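Coordinate analysis (summary)
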Amino acid sequence: MSALGGSVVSVWNRYRSVPIVYRLAAAFVLGVVVAFTVGPPAAALAPIGDLFLRLLGMIVVPIVAFSLLSGVRRLSPARMGRVGGVVVGLYALTTTIAGIIGLGVANLLDPGTGVMLTGGSSDSAQPPGLREVVLGIVPENPISALASGDLLAIIFFVIVFAIALALVRDRTDDETVREGVETFFSLAEAGMEAMFTIVWGVMEFGVLGVFALVAAELAGKDVGAIVALGSLVAVVTLAIAIHIAFTYLLVIVSGLVGRSPSSFLQGARNAMVTAFTIRSSSATLPVTMSDAEENLKIDESIYGFSLPLGSTANMDGAAIRQAVTVVFAANVVGQSLGLGEQVAILLVTVLISIGTAGVPGAGLIMLTVVLQQAGLPLTIVGFVAAVDPVLGRVATLNNVTGDLAVSTLAAKWNDAIDLDDGVWASGDSAPSGAPAVDD
């Protein structure tokens, strides 16, 4: 019996050693096989998939609240100063641009058009106007917003409350008050750690949940749904390529720093390749810092603040992923998105990206938040899980590239970069028409 138990533990450990994203992808493939071989009877698996969706819905509001509190804690006004303000402002701006590019490319190319999924339910009520969306950001009753899952209102209140706590901590002379604020933030950190544990369990069950969702939804359907996922990957990749080329290389590196984009890419290549390989901005951080110091010649006073912050709060790739995926989701369920809804999606996408880093299965969890805001069925999460390894790689590459581009510009504005050394002095001069650089 003990030998059997040891074998079971060994098999379980080997199973767990496979990254969750690959197990989810395998579950998707197995679900497709069952759907196309068994046919309509596979729809009996639907309750298992529904349970997975309920578990995802359960963790949305706590993750939003705890992750935003933890994120704002790192943006202490005492730490930020002038450099911090510039870096945070640039991160917010590039993430907003990323969301706009994602929505623009998705609306232009309409990924998922022509494929109709029937699983789940969407909110078919009259889309809110832009005025209602803007006014709805401010909750009349924060407790009511938490209870009803009004995500925009929750995000607004939590950010305002967290900033107020940080200001009180930095300005008060009362040690008791300061300790109380730190205790509150520490409770938020502990809550986030607890959510990590819950998310781990949900994503482990998600392997079975994704299998059941896909098998039940595709039972009796053709291969068009699989082709639609290819269009999702293509549109996300295109939007990320546009964002890197336009925002980072053309506007920041060439236009504002005044240097050749190829020099920047040469200096950032180690971090970019590592990010694409391991799919983690945080795990790539040592390589990113090495590229910043050794190749791009950015002073540690800049990258020591900007890169750790960027690895957790600058998620341009995530913003593009969520923006494109929500349009894809609307297309495959036959729901149109009005201007007001898309503005709300953009706001949620930008704000929630602060909490994306460090969460196991982060892209799928944050997709749940955005889909809920748009009134779209969470069934889409099961389908996107199949291509999450690919989407995660290109998004992480985008995030790390953005961290280095913003750090380069912040260093230039604060005279904390040596543009006569490293890749900048490799013979790749400033492009024609670029502003003069004061070395």
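Preceding this paragraph is the structure being described.
First, a word on what this report is: a plain description of the structure on this page. (Residues numbered from 1 in each chain as written. Predicted model: local features only at pLDDT ≥ 70, side-chain atom pairs only at ≥ 80, totals over all residues. Heavy atoms only, no water.)

Digging into helix α17 (residues 388–413)
The end-to-end C-alpha distance of α17, which contains 26 residues, comes to 37 Å, matching closely the 38 Å that a straight helix rising 1.5 Å per residue would cover. Taken from the residues just after α17, Asp415 is the one with a positive phi, measuring 50 degrees. (Helix = DSSP H or I, 4+ residues; strand = E, 2+ residues; numbered from the N terminus. Expected span 1.5 Å × (residues − 1).)

Section: the packing of aromatic side chains
Taken as a whole and judged by the stated rule, the model has 2 aromatic pairs. Between the aromatic rings of Phe157 and Phe161, the centroid separation amounts to 5.9 Å while the plane-to-plane angle is 10 degrees, which identifies the pairing as stacked. Here the residue Phe157 and the residue Phe161 both occupy positions in helix α7 (residues 151–171), the gap between them amounting to 4 residues, near one helical turn. For Phe161, a relative accessible area of 32% corresponds to the partly exposed category. Ring centres 5.4 Å apart and planes at 70 degrees place the aromatic pair Phe161 and Phe184 in the edge-to-face group. Taken together, the residues span a long stretch of sequence, with Phe161 in helix α7 and Phe184 in helix α8 (residues 175–218) at a distance of 23 residues. The rings of Phe157, Phe161 and Phe184 are connected pair by pair, giving a single aromatic cluster. Positioned above the aromatic ring of Tyr15, the side-chain terminus of Arg23 is 4.5 Å from the ring centre. (Phe/Tyr/Trp six-rings, centres within 6.5 Å; stacked < 30°, edge-to-face > 60°. Buried < 20%, exposed > 50% of the residue type's maximum accessible area, 1.4 Å probe, protein only. Lys NZ or Arg CZ within 6 Å of the ring centre and 35° of its normal.)

Considering a nonpolar patch on the surface
On the surface, a nonpolar cluster with roughly 830 Å² of combined accessible area is contributed by Leu108, Leu109, Leu238, Ile242, Phe246, Leu250, Val251, Leu256 and Trp413. If you list the elements that add at least two residues to the nonpolar patch, you get α4 (77–109) and α9 (224–257). When residues of the nonpolar patch are assigned to their parent elements, the largest contribution, 6 residues, is made by α9. Mapped onto the elements of the fold, Leu109 is located in helix α4. (Patch = residues over 30% accessible without salt bridge, like charges linked within 9 Å, V, L, I, M, F, W, Y side chains within 5 Å. Areas by Shrake-Rupley, 256 points an atom, 1.4 Å probe, with all protein chains shown as cover. Salt bridge = Lys/Arg side-chain N within 4 Å of Asp/Glu carboxyl O.)

A short note on the side chain of Ser306
With respect to the secondary-structure elements, Ser306 resides in helix α12 (residues 300–313). In this structure the side chain of Ser306 is engaged in a polar contact, spanning 2.6 Å, whose partner is the side chain of Ser407. Those residues in contact with Ser306 that lie beyond four places of it in its chain are Val87, Tyr91 and Ser407. (Polar contact = N/O pair within 3.5 Å; in protein donor to acceptor, adjacent residues only side chain to side chain. Contact = heavy atoms within 4.5 Å.)

Quick notes on the pattern of salt bridges
A complete count under the given rule lists 5 salt bridges for this structure. Arg169 serves as the salt-bridge partner of Asp170, at 3.4 Å between the closest nitrogen and oxygen. According to the relative accessible area criterion, Asp170 is partly exposed, its value standing at 31%. Accessibility expressed as a relative area gives 9% for Arg169, which makes it buried.

Re the nonpolar core
Counting residues in each nonpolar core, the largest one holds 125 residues, and the members touching the most others are Leu232, Phe264 and Leu371. A total of 14 residues in this core trace back to one element, the largest contributor, which is α9. In this structure, Leu232 is in contact with Pro111, Val324, Thr325, Phe328, Val384, Val387 and Leu391, ignoring residues within four places of it in sequence. (Core = buried A, V, L, I, M, F, W, Y, C linked by side-chain atoms within 4.5 Å.)

Quick notes on the environment of Ser281
Structurally, the position occupied by Ser281 is in helix α11 (residues 281–295). Through-space distance from the C-alpha of Ser281 to that of Thr396 is 6.1 Å; in sequence the pair is 115 residues apart. With sequence-adjacent residues up to four places away left out, Ser281 is seen in contact with Ser311, Met315, Thr396, Asn399 and Val400.

Looking at the environment of Trp200
Relative to the helices and strands, Trp200 resides in helix α8. Its relative accessible area of 42% is what places Trp200 among the partly exposed residues. Expressed as a C-alpha distance, the spacing of Trp200 and Ile20, which sit 180 residues apart in the sequence, is 9.4 Å.

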